[in-house]
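Topology and contacts: notes
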Amino acid sequence: AQTVTQSQPEMSVQEAETVTLSCTYDTSESNYYLFWYKQPPSRQMILVIRQEAYKQQNATENRFSVNFQKAAKSFSLKISDSQLGDTAMYFCASRAGGTSYGKLTFGQGTILTVHP
Amino acid sequence: DAGVTQSPTHLIKTRGQQVTLRCSPKSGHDTVSWYQQALGQGPQFIFQYYEEEERQRGNFPDRFSGHQFPNYSSELNVNALLLGDSALYLCASSAAGGSGSEQYFGPGTRLTVT
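Residues numbered from 1 in each chain as written. Chains lettered and ligands numbered in written order. Predicted model: local features only at pLDDT ≥ 70, side-chain atom pairs only at ≥ 80, totals over all residues. Heavy atoms only, no water.

1. Re the overall build of chain A
A count of helices and strands for chain A gives zero helices and 12 strands. For chain A, the sequential pattern of α-helices and β-strands runs β-β-β-β-β-β-β-β-β-β-β-β. Taken against the 2.2 N^0.38 rule, which gives 13 Å for 116 residues, the C-alpha radius of gyration of chain A at 14 Å falls within 12% of a compact globule. Considered along the principal axes of its C-alpha atoms, chain A spans approximately 45 × 30 × 20 Å. In chain A, buried positions account for 50% of the 116 residues. Considering only residue pairs separated by 6 or more positions, chain A has 56% of its internal contacts joining residues 24 or more positions apart. A total of about 5,500 Å² of accessible surface is found on chain A, and carbon and sulfur atoms cover 47% of it. Distance from the positive charge centre (10 side chains) to the negative charge centre (9 side chains) of chain A: 9 Å. (Helix = DSSP H or I, 4+ residues; strand = E, 2+ residues; numbered from the N terminus. Rg over C-alpha atoms; globule rule 2.2 N^0.38 Å. Buried < 20%, exposed > 50% of the residue type's maximum accessible area, 1.4 Å probe, protein only. Contact = heavy atoms within 4.5 Å. Areas by Shrake-Rupley, 256 points an atom, 1.4 Å probe, with all protein chains shown as cover. Lys, Arg positive; Asp, Glu negative; His and termini not counted. Charge placed at Lys NZ, Arg CZ, Asp CG, Glu CD.)

In structure tokens:
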């Protein structure tokens, strides 16, 4: 079984500044994937970034990067140069790898507000 | 290239009724997963369909059932609706059997049970 915990219900940041969202997880799988999804008020869930557990290098996608600490089971998201369009609910999620099953397990979410 | 589509967008039903939600996967995808998202919460996995079979199921009662058609589209059926079934229902599709590929989400169907 997998569990994902996001301990920050809400966060806020000024435009152009940097913010970090926290996530911890637990899994008995040796091979797994971790994700950050963004859900704006429009409701469409959008993949922000993905990390494969067997890769030691932290994933980066433009202004978004992760700090993956496998031993600590921590997976935080850093957003640099925050923009107003980054305002959304952010979900951390995990999925077992190496099988044909693609069930995602989500955390409770963090509401991020970017202020002008 | 059309992404994942869902219909209807919104739905209002009365307690005890039955409802069917529909999902068309992204072109090239063969696996469909359904999630229930209560207000202010993270999505919860309901089940996943692949090759017209339910491959994995979350902790949901038998009132929740589904179907996948030969064209990979899918339906979610909920019988004997309860007030607690009010939620956003998300469909996600993926390719290659759903193992290593990404899940792409649709815009969701907002179900309100009164």
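2. Some remarks on the pattern of salt bridges
The tally for this structure, following the rule as stated, stands at eight salt bridges over all chains. Here A:Glu52 and A:Lys55 are joined by a salt bridge, their closest N and O atoms 3.5 Å apart. Judged by its relative accessible area of 13%, A:Glu52 falls in the buried class. Between B:Glu54 and B:Arg57 there is a salt bridge, and its shortest N-O distance comes to 3.0 Å. Judged by its relative accessible area of 35%, B:Glu54 is partly exposed. By sharing partners, the salt bridges in this structure join A:Arg50, A:Glu52, A:Lys55 and B:Glu102 into a single network. (Salt bridge = Lys/Arg side-chain N within 4 Å of Asp/Glu carboxyl O.)

3. A look at the state of the cysteines
For the structure shown, the criterion picks out two disulfides over all chains. Sulfur-sulfur distance for the disulfide between A:Cys23 and A:Cys92 comes to 2.0 Å. For the disulfide bridge between A:Cys23 and A:Cys92, the dihedral angle about the S-S bond is near -70°, and by the sign convention the bridge is left-handed. Residue A:Cys23 is located in the loop between β3 (19–21) and β4 (24–26), and its partner A:Cys92 is located in strand β10 (residues 88–96); the two are separated by 69 residues in the primary sequence. Two residues share a disulfide in this structure: B:Cys23 and B:Cys91, whose sulfurs sit 1.8 Å from each other. Disulfide B:Cys23-B:Cys91: torsion about the S-S bond near -55°, hence left-handed. Taken together, the residues B:Cys23 in strand β3 (residues 19–24) and B:Cys91 in strand β9 (residues 87–94) connect sequence positions 68 residues apart. The exposure classification of B:Cys23 matches that of B:Cys91, with both residues buried. (Disulfide = S-S within 2.5 Å.)

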